[in-house]
Amino acid sequence: MEIGHFLLGLCALFYSYTSVSAESTCKLKAKFNLNSYKDVEKKQVVIGGMFPVHKRIASSDGNTSRVPVSSGCEGFNFRTFRWTQTMLFAINEINQRDDLLPNTDLGYVIYDSCFTISKAVEGTLTYLTGQDEAVPNYRCGTGAPLAALVGAGGSDLSIATARILGLYHFPQVSYFSTCSALESKFQFPTFLRTIPNDKHQSTAIAKLVLHFGWTWVGTIAADDDYGKYGIKDFKEQVEEAGVCISFSETLPKVHSPEDIQRIVQTVVEATAKIIVVFSSDVDLSPLILELLQHNVTNRTWIASEAWVTSALINQPGVSPLLGGTLGFGVKRADIPGLQRHLLDIDPYDDPLTEEFWETLFNCTLRPRSARGVADGLCTGSESLAQLRNTYSDVSQLRITYSVYKAVYAVAHALHNLEHCVDGQGPFIGIGCADISSFEPWQLMYYLKNVRFNVPHTDEEIYFDDGDVEGIYDIINWQVSSNGEISYVTVGHYNGSAAPEDRMTIMNESILWNNEMLEPPRSVCSENCQPGTRKGIRQGEPVCCFDCIPCADGEISNSTNARACILCSYEDWSNDAHDTCVPKIIEFLAFGEPLGITLIVISAFGALVTIAVGVVFVANIGTPLVKANDALLSFSLLFALVVTFLCSIVFLGEPQHWSCMTSQVALALGFALCLSSIMGKAAVLMMRAQALKAARNRAKAAAKAAKAAAEAAANSGNPDVIVTNTINNNEASACANPEVDSLTFGHQRAIAAVATLIQAIACTVWLIILPPHPVENTSAQNIKIILECDEGSVVFICCIFAYDILLALLAFVFAFIARKLEDHFSEAKCVTFGMLVFFIVWISFVPAYLSTRGKFMVAVQIFAILASSFGLLTCIFLPKCYVLLVKPERNVEEMMRPRAKPRDGTSTGTSASLATAGTEVTATIASTSMND
């Protein structure tokens, strides 16, 4: 005992020493100016509270010549004052219960944070110290232990207070701080809340925006942690889903007309019709007032839970601006007895209530002991029930209900702490805490693990790492006929449900701004319809784009396609460019009108040619038919029949056999035709050359005879007789011009050899690189042209160049023989025939190259038919005319050379050569007689 007394005395001495030392060194640096509610006398446990009863701190005069005193507050807030009274109501209700803390009477200390961080910090330090002058790290007050702080209002206020309370492991239960930053237990280890984390709300708003297809939205956030974190989480989610932010503005915490005007101008000029606002009602109110001044309408506002049911925002006259607003509100509940408590307060209880009364009734409260009522004074007996005020409106108890739950959470934790069973406690040594002297960290354990049902609503409350479930009502501001706004629940959101079941919304129950039935559209660019793709505008958000039509052969079959899809080579895009359709298969078919026309013309040409052959057969023995090898004429007619009929093979769907047959038949047909004509023309040319030589000799003989006659006349001898000195062999040759150097055998040999050369070339072509059918998809995009690939360009060029060579030779031979004077000038017919042939094929080349598809085949067939008809007409029509119409000219004499005209205008023919000697003799005799 003596040792114990000694130790007690030593401690007392030490305490006395430290006290004296502290008094000599500690100074009060500042005095706090706080509004508060207190009821701590004779209470076992004290619960702290912090509410932004005022909107802001009063401006300071900046005087530094006296002891600094913190600024007062101004702008009384009826809504938050109701929250304050709700905490008092809940504590009174708990104190009257027998099943909850039956042996413990709760007290309270409630401070006004003035919606300002500095005031929230002042209240926190004062609360921890236990006296009006804050002494950090010390609890200087005596009496009941402090349980927890319910507060401190907005997120930025709670962040400030949570950092301080966390240092001392002091529990804090918030009713209004939703910022997602507060979920960090590393920074805020003792922070809990009965309102959902904003990460749920940000997700919910993002889902709402995506639900209605809005891709162009503006955002406005308060310049605090609540606004910044809320908008940040929202932006991250919607931008990932393809939504673009039209503008992003920040509301000033300190009223700034310049900033408000700038934000109003942004809203007015922006094309976004959807505006998401993360802000408290206090910060948003100045902007709403300014927007009303500018008569801004036709906007749909998306409200966060901080202002979605705020009467500070929902003032008379805001319906044109805010009608149709959608927002998310925390759970609503009815609290029986609360309204009676709100209406029964005594205005003389404390300065805060007195200020409330004077502000509400716009008067000055007279002293309680004073009698009579002067103008401008309140009696304190005015009826709150007669006023329709935010304070007494209990129709939308959402944040109020959250306050109620926070107080009950602390009470249930204290109840569990008080009723801990010794030996079954949660602390070291299985101990329990004493309700009269527990430490804050001990209560924190029970708060983290508390689970209870809220009175009257039976909602189960528990904390999951300091947070509660993210459950919201989707609220629509609907304007009634009298212009008042009512809050209508049009859906729900549960952040704990499966992703597909989290949000339910009744679209048909929503009334949009201006009473539109359809949701407003808010896009930077209208959706790109199928058939187009999105083209990004340089320097603009991805939601601002141009709709670029898909190119030919490409499609897009979805809305807002980022790229067009290339159709396969067998398909092509339709006119709308939204579907690939099979390409048109094109070839010159037998059954179509053009094909039938060509078949008829080809058949007609072949029949006419055969008819000509029949006429020749019928007149096989006549001089005209025999004049120039009948067999060569028949080979020419056969070749023309082949060219007429091979044109039919070009029709129809190309096959291997038709591709080879058509080109080879055409090449061989023309080779036989042109070689036969060349044989005929060669004979005519040789005959013309022979007759020309005979005529020249006859002219020379005549000139010699004339010279001899003139010499005899000049000599004066009448007995001199000049005789014909022309060589008898030469006269005989001139008299028989039909004796040609090229015989029929030579003609046939020429035709046979020329055709054989072509046949050999065609055979080599068919063996090495034969023509074959192909699908041409490059000539025309919308068609697949079935055509024949020649196999080798070199081969086909050589083969048809050979035909052209034959044609040139035939034309040259016929052109040389064109002046052969006889009654039937076949050389001229051949010349004209070859001219027609060349004209047709020269015209064919540009026409062929300028056409595509089946018309190329048609042009080729027309060229074949035209050239064949030209040869048939020019070569055989004159002969048929003689055979059928003028048979009297089909005699031997008509096939011989005719006489040369006396005027000598003729260029010289076989007829003139036959009479050359006679003319010379007659001339000499005439001269002699005259003499």
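Summary of the structure given here.

Conventions used here
- Residues numbered from 1 in each chain as written.
- Predicted model: local features only at pLDDT ≥ 70, side-chain atom pairs only at ≥ 80, totals over all residues.
- Heavy atoms only, no water.
- Salt bridge = Lys/Arg side-chain N within 4 Å of Asp/Glu carboxyl O.
- Helix = DSSP H or I, 4+ residues; strand = E, 2+ residues; numbered from the N terminus.
- Buried < 20%, exposed > 50% of the residue type's maximum accessible area, 1.4 Å probe, protein only.
- Axes fitted to C-alpha atoms, helices over the stretch in contact; angles between N-to-C directions.
- Parallel < 35°, antiparallel > 145°, perpendicular 65-115°, else oblique.
- Left-handed = near helix turned anticlockwise from the far one by under 90°.
- Contact = heavy atoms within 4.5 Å.
- Nonpolar A, V, L, I, M, F, W, Y, C, P; charged D, E, K, R; others polar.
- Pairing = 2+ DSSP bridges.

Remarks on the pattern of salt bridges
Okay, so step 1: In the structure shown here, the tally under the stated rule is 24 salt bridges.
Okay, so step 2: R262 is the salt-bridge partner of E249, the closest N and O atoms lying 2.3 Å from each other. Taken together, the residues span a long stretch of sequence, with E249 in strand β10 (residues 244-251) and R262 in helix α7 (residues 257-269) at a distance of 13 residues.
Okay, so step 3: We classify R262 as partly exposed; its relative accessible area is 36%.
Okay, so step 4: Residue E459 is joined to K405 by a salt bridge in which the shortest nitrogen-to-oxygen separation is 3.7 Å. Of this pair, E459 sits in the loop between β16 (451-453) and β17 (460-462) while K405 sits in helix α12 (residues 399-418); the two residues are 54 residues apart in sequence, bridging distant segments of the chain. Neither E459 nor K405 differs from the other in exposure class; each is buried.
Okay, so step 5: Overlapping salt bridges bring together D156, D224, K253 and D283 as one network.

Quick notes on the packing of helix α3 (residues 117-129) against helix α4 (residues 155-167)
Okay, so step 1: Two elements in contact, α3 and α4, have axes separated by 9 Å at closest approach and are oriented at 30°. In terms of axis orientation, α3 runs roughly parallel to α4. For the pair α3 and α4, the sense of crossing is right-handed. Within the contact between the two elements, α3 uses I117, A120, V121, T124, L125 and L128 and α4 uses D156, L157, A160, T161, I164 and L165.
Okay, so step 2: Classifying every residue of the contact of α3 with α4 by side-chain character gives 9 nonpolar, 2 polar and 1 charged.

Side note on the pairing of strand β13 (residues 326-330)
Okay, so step 1: Counting buried residues in β13 gives 5 out of 5 residues, a clear majority hidden from the surface.
Okay, so step 2: Alternating residues of β13 divide into L326, F328 and V330 and G327 and G329, and every residue in both groups is buried.
Okay, so step 3: As paired strands, strand β12 (residues 300-303) and β13 are joined by 2 bridges and run parallel to one another. Pairing of A303 across the sheet is with G327, part of β13.

Side note on the sheet that holds strand β27 (residues 584-586)
Okay, so step 1: Reading across from one edge, β27-β29-β28 is the order of the 3 strands in this open sheet, with mixed pairing throughout. Looking at strand neighbours, the two that pair on one side only are β27 and β28 (772-776), the edges of this open sheet. Put simply, the sheet's adjacent strands are angled 25° from each other on average, direction ignored.
Okay, so step 2: Of the pairings in the sheet, the one linking β28 to strand β29 (residues 783-789) comprises 5 bridges and is antiparallel in character. Note on β29: the bridge partner recorded for V774 is E787.

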